[in-house]
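So you can see what is in the structure, the chains are spelled out below.
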Amino acid sequence: MCQNHGVAYIKPGVVEVQSIEYPKLAIGDRMCHHGVILQIVSTNICGSDQHMVRGRTTAPAGLVLGHEITGLVIEAGRDVEFVKVGDLVSVPFNIACGRCRNCKVGQTGICLNVNPARPGAAYGYVDMGGWVGGQAEYVMVPYADFNLLKFPDKDQAMAKIRDLTLLSDIFPTGYHGAVTAGVGPGSIVYVAGAGPVGLACAASCHLLGAAVVIVGDMIPERLEQAKSFGCEIVDLRKDTPLADQIAAIIGVPEVDCAVDCVGFEARGHGSDAGTERPATVLNAIMSVTRAGGALGIPGLYVTGDPGAADDAAKEGSLSIRIGLGWAKSHSFYTGQCPVMKYHRQLMNAILYDKIQIAKAVNVEVISLDKAPKGYQDFDKGAAKKFVIDPHGMIPN
Ligand SMILES: NC(=O)c1ccc[n+]([C@@H]2O[C@H](COP(=O)([O-])OP(=O)(O)OC[C@H]3O[C@@H](n4cnc5c(N)ncnc54)[C@H](O)[C@@H]3O)[C@@H](O)[C@H]2O)c1
Ligand SMILES: [Zn+2]
Ligand SMILES: [Zn+2]
């Protein structure tokens, strides 16, 4: 019997590496002939995992975490026709059937057939269909022909694996935030949040031709990281309002478009920078974006937050100044990133050296047994994206 180990959520603030079941080509007691088993080459810790680990969701104890997966196909089900054993593949964090009306139009983040509770599923995530996570040695991926992206050359891919590992989530997610905010050549953009998604979004804005990318956060090391690849920065701990800090950079207090890479655990600005204010980013991006601009909102908002400060926020109701957005004819774009819409193009941007995404988000590779420490350091605000290497396969 093959062994498997994975990172399990135990209780708020605690994750543990445990012995877990080796995956089967099965969904419950039904065979999963369209699935594959992967030996995981790299699997990343995400800010989305932190919402669960901080106790801000209804994630059950024992949930095996991990939705950012890259791996080698070691077993393929009977009905897998095009993916082959031995292929090195990137797994979109969204699980999608490829057959429902949403998948057919590329909306793989809200597939209708992979989660009985609601549209959309992911590996190792609360309310996302109960699929086993991939911060592990091995994982099962269903609908493999539809979901997987094969890297064209394994040796070339292993040489760039620190970049390619980001295709399962944060690179497409940051890029999607920029695309849905309407970023293009010459745009002036405000990106809220300098975590891995914010940094990936800022690098994507450059890839799309933005003229100025202004990144805001309250963690100095993360802002320095944004500066290291050419972003302007605003320190939200300062008492100077965001609009005035923007005006000090570009001469006017307004940007063309903005992206929320923070979500519902947002903190306030200035003297409130240490206090949670869940609607801050949504209200801030409406106030600094020009009339007619678009707002990309990949930052996560939940339908239930047991740790929220008030009863309304406990069910995901926030105090958003929607009248302001309405008056400015803003467009809002929310939801899971449909990774598959972008991952092939972004893979090529990596393979042909059009972007240094691992450098932008400051990837650090760790072993599986160091995952709990990685979670702690990330929670403390390390300016890093932790990539777990469960089999010691990633070259130095
Ligand atoms: N839509 C999707 O498909 C998708 C995919 C991946 C991640 N996400 C979400 O994107 C968000 C960011 O992910 P991450 O991994 O970068 O998380 P993270 O927690 O590392 O980063 C969030 C950053 O926002 C900063 N911040 C807090 N309040 C702020 C404010 N008012 N203004 C500006 N910055 C502020 C924090 O200091 C932190 O650096 C999370 O909510 C995550 O769940 C969404
Ligand atoms: Zn993620
Ligand atoms: Zn579907």
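Residues numbered from 1 in each chain as written. Chains lettered and ligands numbered in written order. Predicted model: local features only at pLDDT ≥ 70, side-chain atom pairs only at ≥ 80, totals over all residues. Heavy atoms only, no water.

Student: Lay out the coordination of the zinc ion (ligand 3) with the relevant residues and their values.
Tutor: Donor atoms from the polypeptide that coordinate the zinc ion (ligand 3) comprise C97 (SG), C100 (SG), C103 (SG) and C111 (SG), at 2.3 to 2.4 Å from the metal. Of note is the zinc ion (ligand 3), whose 4 donor atoms meet at the metal with angles of 99 to 120° in an arrangement that counts as tetrahedral. Mapped onto the polypeptide sequence, the residues donating to the zinc ion (ligand 3) form the spacing pattern C-x2-C-x2-C-x7-C. In terms of burial, C97 and C103 fall into one category: buried. (Donors = N, O, S within 2.8 Å, 3.2 Å for Na, K, Ca; no water. Tetrahedral: all angles 85-135°; square planar, octahedral: opposite > 155°, others 65-115°. Buried < 20%, exposed > 50% of the residue type's maximum accessible area, 1.4 Å probe, protein only.)

Student: Before we move on, could you go through helix 9 (residues 242–250) and cite the residues and values that matter?
Tutor: Among all positions of helix 9, only L242, Q245 and I246 are buried. For helix 9, the angular spread of the buried residues around the axis is 100°, confining them to a single face. In the core, the buried residues of helix 9 are packed alongside strand 10 (188–192), strand 11 (212–217), strand 12 (232–235) and helix 10 (280–288). Following helix 9 by one or two positions, G251 adopts a phi angle in the positive range, close to 90°. (Helix = DSSP H or I, 4+ residues; strand = E, 2+ residues; numbered from the N terminus. Arc of directions from axis to C-beta. Contact = heavy atoms within 4.5 Å.)

Student: Can you tell me about the coordination of the zinc ion (ligand 2), naming the residues and giving the values?
Tutor: At the metal site, the zinc ion (ligand 2) is ligated by C46 (SG), H67 (NE2), E68 (OE) and D169 (OD), and these contacts range over 1.9 to 2.3 Å. Viewed at the metal, the 4 donor atoms of the zinc ion (ligand 2) are separated by angles of 92 to 127°, and the geometry they form is tetrahedral. The sequence motif formed by the donor residues of the zinc ion (ligand 2) is C-x20-H-E-x100-D. One end of the pair, C46, is in the loop between strand 5 (36–44) and helix 1 (47–53); the other, E68, is in the loop between helix 1 and strand 6 (69–76), with 22 residues separating them in the sequence. In this pair, the class of C46 matches that of E68, namely buried.

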